[in-house]
Amino acid sequence: MTIPTQRSVRFTGLLLVFALLVSAAGFTQTASPQLPKGVEKVTSVEGITEYSLSNGLRVLLFPDPSKPTVTVNVTYLVGSRHENYGETGMAHLLEHLLFMGSKNHPEILKEFADHGARRNGTTWLDRTNYYETVAATDENLDWALRMEADRMVNSFVSKKDLDSQMTVVRNEFEMGENSPQRTLLQRTVSAAYLWHNYGKSTIGARSDIENVPIERLQAFYRTYYQPDNAVLLVAGKIDEAKTLGLIAKYFLPIPKPARQLPKIYTSEPTQDGEREVTLRRVGDVQVLMTVHHIPSGSHPESAAVQILESVLADVPAGRLYKALVEAKKASSIGSFAFQLNEPGVALFAAEVRKDAPMAPAREAMLQTIEGIGASPVTKEEVDRARANLLKEIELSFNSSEGIGLAMSEWLAQGDWRLFFLNRDRLRNVTADEVNSVAAKYFKPSNRTLGAFIPTEKPDRAEIPPAPDVAAMLKDYKGDAAIAEGEAFDPSPANIESRIRRSQMSNGLQMILLPKKTRGASVVGSFTLRFGDEKSVFGRQIAGRLAASMLMRGSKKHTRQQIADELDRLKATVTISGDDTSATARIETIGENLPSVLELVAEIFREPAFPAEELETMRQQFLAAVEQQRSEPQPIAMTALIRHLNPYPKGDSRYVMTPDETIGQLNAIGIDAVRKFYADFYGGSNGELVLIGDFDDASVAVLAERLLGEWKSPRPFVRIPSVVHSVEAINTSLNTPDKANAFLGAGLNLSLRDDHADYPALLLGNYILGNSDNSRLRMRIRVREGLSYGVGSRISASSHDDSGSFASFAIYAPANVEKVESALKEEIARALNEGFTSEEVAAAKSGFLQGQQLTRARDASLASMLSSRTFASRTLAFDAELEKKISELTPEQIRDAMRRHIDSSKISIVKAGDFEKK
């Protein structure tokens, strides 16, 4: 996949979600392991140790015993910047082909599924990386290192696979073309660069994707996929000496290549005047974008640029938010800094509703970004931005998997230690430095927004070259390492043995799981449940807004004060909800947990519901909903769900159309939101789950004091799920000017998750469409190359006999018949023939390891414990379910699927530009 990734990403409902979790951590230093022959130690910083192999491969090891997982990541220092004329998209296309098999691992996707791995590959401007996270066993680590060494130099990169993946990548290209925002991003950045390859989208030109010769792709692979152009990182629960031995065993036999890496010498000239680009396409929202050239990510001024970006684009304190969103000139704003190996760009964007004037937003946006000289950045603004950025960095230390993946970005910028040096620089940035970079780089002549405008006296921004990173980091040591977490077994039995369950005096369920974690981290969830079928009728929008507005101010703190307090406490709190429940997700560190719980209790119990915030939120909601009017996926899914679940309008389970939602958003007032809260919010029904480094006895006492006497104003009665018997439909909906299409298929099932057939259905669907090696994926994406995304799922209620079977695919409209036919054929084949013993054995291994990985993530475990408690269950249910799955036979799976899935009753809805086809 192509993925712009960087710490400096701020978008509130704007553009695509460009997100890769960037995290870092350290560990207690131990004695260096005995080094195998051909391996040398280079340096250690904050728990990460670098080694070098005699063939040029660099190795980073990051031991972390607190999670029973291992992440293996290989970063190749090649991206779209290294592509030649006619080769755009080649780095990304090659990323796809490396999942198609190698000499000693011809079925890599099957191996991922067999090992229950979380895996991916990503391509960006300066680098490409591949990673897999697996359960921490000797066999899994041996396999992952052996496989990565083999596909480094022995991948097939064949014409057959190119033909298949070319259409998949083209489908991914078309998926991006559906988005006016993403296309505008590509056009604007392209206009900002005259010569440098940073101006070309990583996905590449359609013509290059379709026509690149296999010989050029193979030559590209042989040139850049070599040990002297790669960095291997292994993070997680590892024995350092044993891991180095395995690395030496599998990677040292790869010879150091004789070739010299091509020297990339093109540099971007100084921009000498404003540039402008206009995009006209089908869409439902207006977007403004500015792009300014900035120094490289390794440059000393980069930290000041990051602070300035936060000052401008933070929500709700940012200057752009106040000048545009609060002033009702735009519905949302966002930013994205390209911190790269060479000088990059900073992007700011604003969404303006379709019928609103664009000129006031444009004027306010440019004045805010380029008017820092008239209104300098203050020390208070710098301190707030610094606290936010450093909080993110400190919290990221708690994930060895996250830091493993984050290192790819900093390696691409010159050296992995830049991550820590950047943190140090952020600590020391002054307001004068921020104002200096604003004056140097955020000026009209360095801006790309629209058309070229000649000027007699150009005021040019000279972008400094990337500094000598090796010299900067020669004696760098970094901070002292943080404490390790405990080696925690994520089995249901062990988790249950550690849990402390109790019920507060008002009925709220409390589930506490104290354990030692890296960085003393704590995660949790706090869920309230309320209402009944009759009392919430017709109040869907009021319920959504009530939950969404909780973070926008309490009777004691403004929205900004809440945000500042969370930064001070090194905490994040997000709240979501609807007309039947509200949930807060919490992350912090143990010593600050009491203060965070105090603040969360205040937010829930003493909300202010400021009227001006409702107006801001209304504009954001409206902009988000309006975009769904022309997008194939929400159009198809809305139509399918409404057909399968025909509830009356006003019912909590009723699915509104975009126009219905817009009508209710426009009509609702603040009094209706306040009344919903007053009618339903209270602590009598719900769950508080906390996992991490805290004292459970004192936390239990505190939680009782904060929430124990808070009672719900009326009883809660869960709204049941009902299985509707509906006629099967097969419908096509036209969405003009959309290059990508979507197919959704669904069937209602009379099924609860404790039904005797549920384990067999779950594993059968895993083989059919819910794993890397699934039949749907292997046929429709891998072999026939018809879809970038395809799959299926089985769901079942824990309370009612109500479930569903669903499937989906995204594809080019021209392939609609092929995709639908292949989907139907694979479902029919599963029902008629069942699955082989080999498929079932591999699926059991992959599925069960995947469940273990899910429980190893504290945030996922918190959600699981909350839902299990709501269903009056413990994790003994999961243990029993996994036991049943491990004992299934192919015949049991086939028979269960036949009993519940009737292919003739599956409804299908397709949306796309089928008229153009």
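Rules behind the numbers
Residues numbered from 1 in each chain as written. Predicted model: local features only at pLDDT ≥ 70, side-chain atom pairs only at ≥ 80, totals over all residues. Heavy atoms only, no water. Axes fitted to C-alpha atoms, helices over the stretch in contact; angles between N-to-C directions. Helix = DSSP H or I, 4+ residues; strand = E, 2+ residues; numbered from the N terminus. Parallel < 35°, antiparallel > 145°, perpendicular 65-115°, else oblique. Contact = heavy atoms within 4.5 Å. Nonpolar A, V, L, I, M, F, W, Y, C, P; charged D, E, K, R; others polar. Expected span 1.5 Å × (residues − 1). Buried < 20%, exposed > 50% of the residue type's maximum accessible area, 1.4 Å probe, protein only. Pairing = 2+ DSSP bridges. 1 Å grid on protein atoms, 1.4 Å probe; cavity = no way out; pocket = protein on both sides within 12 Å on 5 of 7 lines; lining within 4 Å. Points joined across faces, edges and corners; volume = space filled by probe spheres on them. pLDDT = per-residue confidence, 0-100. Salt bridge = Lys/Arg side-chain N within 4 Å of Asp/Glu carboxyl O. Left-handed = near helix turned anticlockwise from the far one by under 90°. Core = buried A, V, L, I, M, F, W, Y, C linked by side-chain atoms within 4.5 Å. Phe/Tyr/Trp six-rings, centres within 6.5 Å; stacked < 30°, edge-to-face > 60°.

Colleague: Is there a simple way to explain the packing of helix α21 (residues 611–627) against helix α23 (residues 658–667) in this structure?
Modeller: Each packed pair of helices is defined by two parameters, the angle between the axes and the distance between the axes. Relative orientation of the contacting elements α21 and α23 amounts to 170 degrees, with a least axis distance of 10 Å. For the element pair α21 / α23, the angle class is roughly antiparallel. Two secondary-structure elements touch here, α21 through Arg618, Phe621, Leu622, Val625 and Glu626 and α23 through Pro658, Thr661, Ile662, Leu665 and Asn666. Its residues placed into classes, the contact of α21 with α23 shows six nonpolar, two polar and two charged.

Colleague: Would you take a moment to explain helix α29 (residues 837–856) for this structure?
Modeller: Structural remark: α-helix, 3.6 residues per turn; residues separated by three or four positions point the same way. Helix length check: α29 (20 residues) gives 29 Å between terminal C-alpha atoms against 28 Å at 1.5 Å per residue, within 8%. Taken together, the buried positions of α29 are occupied by Val840, Ala842, Ala843, Lys844, Gly846, Phe847, Gln849, Leu853, Arg855 and Ala856.

Colleague: Mind showing me how you'd approach the pairing of strand β11 (residues 332–337) here?
Modeller: Within a regular strand, the side chains alternate between the two sheet faces. Summarising burial for β11: six of the six residues are buried, a large majority. Both faces of β11 are covered, namely the face carrying Ser332, Gly334 and Phe336 and the face carrying Ile333, Ser335 and Ala337. Where β11 and strand β12 (residues 344–353) come together, six bridges link them in antiparallel fashion. Note on β12: the bridge partner recorded for Ala337 is Ala346. From the end of β11 to the start of β12, which pair antiparallel, there are six residues.

Colleague: I tried to follow empty space enclosed by the protein on my own but got confused; where do I start?
Modeller: Rolled over the atoms, a probe as big as a water molecule pinpoints where empty space is left. For the structure shown, the criterion picks out five cavities of 30 Å³ or more. Of the pockets and cavities examined, the second largest cavity occupies roughly 60 Å³. Lining of the second largest cavity is provided by Phe526, Ile586, Leu597, Val600, Ala601, Leu688, Ala703, Leu706 and Leu707. Breaking the lining of the second largest cavity down by element, the ones donating at least two residues are α20 (593–605) and α25 (696–707). Of the residues contributing to the lining of the second largest cavity, the split by class is nine nonpolar, no polar and no charged.

Colleague: How should I be thinking about the pairing of strand β8 (residues 230–236) in this particular structure?
Modeller: Of all seven residues that make up β8, seven are buried, and the element is covered over most of its length. Side chains Ala230, Leu232, Val234 and Gly236 of β8 all project onto a buried face; the interleaved residues Val231, Leu233 and Ala235 project onto the opposite face, where all are buried too. Across seven bridges, the pairing between strand β5 (residues 69–76) and β8 is antiparallel. Paired with Thr71 across the bridge in β8 is Ala235.

Colleague: Would you explain the confidence of the model for the protein in this entry?
Modeller: Do not read the fine detail of predicted coordinates wherever pLDDT is low. Across the protein, the average pLDDT comes to 92, with 95% of residues at 70 or higher. The model gives residues 2–30 a pLDDT under 50, and that stretch makes 122 contacts with residues more than four places away or in other chains. For residues 450–455, every residue scores under 50 in pLDDT, and the model assigns this stretch eleven contacts once sequence neighbours within four places are set aside.

Colleague: Help me understand the environment of Ser502, please; the structure alone is not making it clear to me.
Modeller: Within the element layout of this structure, Ser502 appears in strand β14 (residues 500–503). A sequence separation of 414 residues divides Ser502 from Thr88, and the C-alpha atoms of the two residues are 59 Å apart. Setting aside residues up to four positions removed in sequence, Ser502 forms contacts with Leu508, Gln509 and Met510.

Colleague: Explain the pattern of salt bridges here, please?
Modeller: Between side chains of opposite charge, pairing is possible as soon as their charged atoms come close. Inspection of every chain in the model, using the stated rule, returns 74 salt bridges. Close ionic contact of Arg146 with Asp142 constitutes a salt bridge, the shortest N to O distance being 3.2 Å. Of this pair, Arg146 and Asp142 both sit in helix α3 (residues 138–153), four residues apart, roughly one helical turn. Exposure remark for Asp142: the relative accessible area of 17% places this residue in the buried category. Lys570 is the salt-bridge partner of Glu394, the closest N and O atoms lying 3.0 Å from each other. One end of the pair, Glu394, is in helix α12 (residues 379–396); the other, Lys570, is in the loop between α19 (559–568) and β17 (572–577), with 176 residues separating them in the sequence. Overall, Glu394 belongs to the partly exposed group, its relative accessible area being 36%. Here the salt bridges share partners, and the residues they tie into one network are Glu46, Arg423, Asp424, Arg427 and Asp479.

Colleague: Can you help me understand the packing of helix α18 (residues 540–549) against α21 in this one?
Modeller: The geometry of α18 relative to α21 is characterised by a closest axis approach of 11 Å and an angle of 115 degrees between their N-to-C directions. When the axes of α18 and α21 are compared, the crossing they make is right-handed. Contact residues: α18 offers Arg544, Leu545, Ser548 and Met549, while α21 offers Glu613, Leu614, Met617 and Phe621. Its residues assigned to classes, the contact of α18 with α21 comprises five nonpolar, one polar and two charged.

Colleague: Help me understand the sheet that holds strand β19 (residues 686–692) in this model?
Modeller: The strands making up a sheet are joined through hydrogen bonds of the backbone, oriented either antiparallel or parallel. Pairing within the open sheet is mixed, and its six strands lie in the order β14-β15-β19-β16-β18-β17. The open sheet is flanked by β14 and β17, the only strands paired with a single partner. When the angles between neighbouring strand axes are averaged without regard to direction, this sheet yields 10 degrees. Inspection of the sheet shows strand β15 (residues 509–514) paired to β19 by six bridges, in the parallel sense. Across the sheet, the residue bridging to Ile511 is Val689, located in β19. Each of β16 (521–529), β17, β18 (581–589) and β19 touches α20; the most contacted strand, β18, lies at about 160 degrees to it.

Colleague: Looking at this structure, how should I read the nonpolar core?
Modeller: Where a protein is soluble and globular, its nonpolar side chains tend to be buried together. One finds Phe526, Leu545, Val573, Phe604, Val673 and Tyr681 to be the most contacted residues of the largest nonpolar core, which totals 62 residues. Examining the composition of this core, we find that eight residues originate from one element, α20, more than from any other. Ignoring anything within four residues of it in the chain, the contact list for Tyr681 reads Leu528, Phe530, Ala546, Ala547, Leu550, Ala582, Phe604, Phe676, Trp710 and Pro713. Formed by 61 residues, the second largest nonpolar core is a distinct cluster that contains Leu288, Ala304, Tyr321 and Phe348.

Colleague: Where do I start with the sheet that holds strand β24 (residues 907–912) in this structure?
Modeller: One open sheet accounts for five strands, arranged β20-β24-β21-β23-β22; its pairing is mixed. Across the chains shown, the open sheet's two edge strands, defined by having one partner strand only, are β20 (730–734) and β22 (787–796). Strand after strand, the sheet turns through a mean of 10 degrees between neighbouring axes, direction not considered.

Colleague: Looking at this structure, I do not really get the packing of aromatic side chains. What am I missing?
Modeller: Each aromatic ring pair is specified by the distance between its two centres and by the angle formed by the two planes. The full count for this structure, using the stated rule, is 25 aromatic pairs. Ring centres 6.2 Å apart and planes at 65 degrees place the aromatic pair Tyr130 and Tyr225 in the edge-to-face group. Placement of the pair is Tyr130 in strand β7 (residues 128–135) and Tyr225 in the loop between α7 (214–224) and β8, with a sequence separation of 95 residues. There is no split in this pair, since Tyr130 and Tyr225 are both buried.

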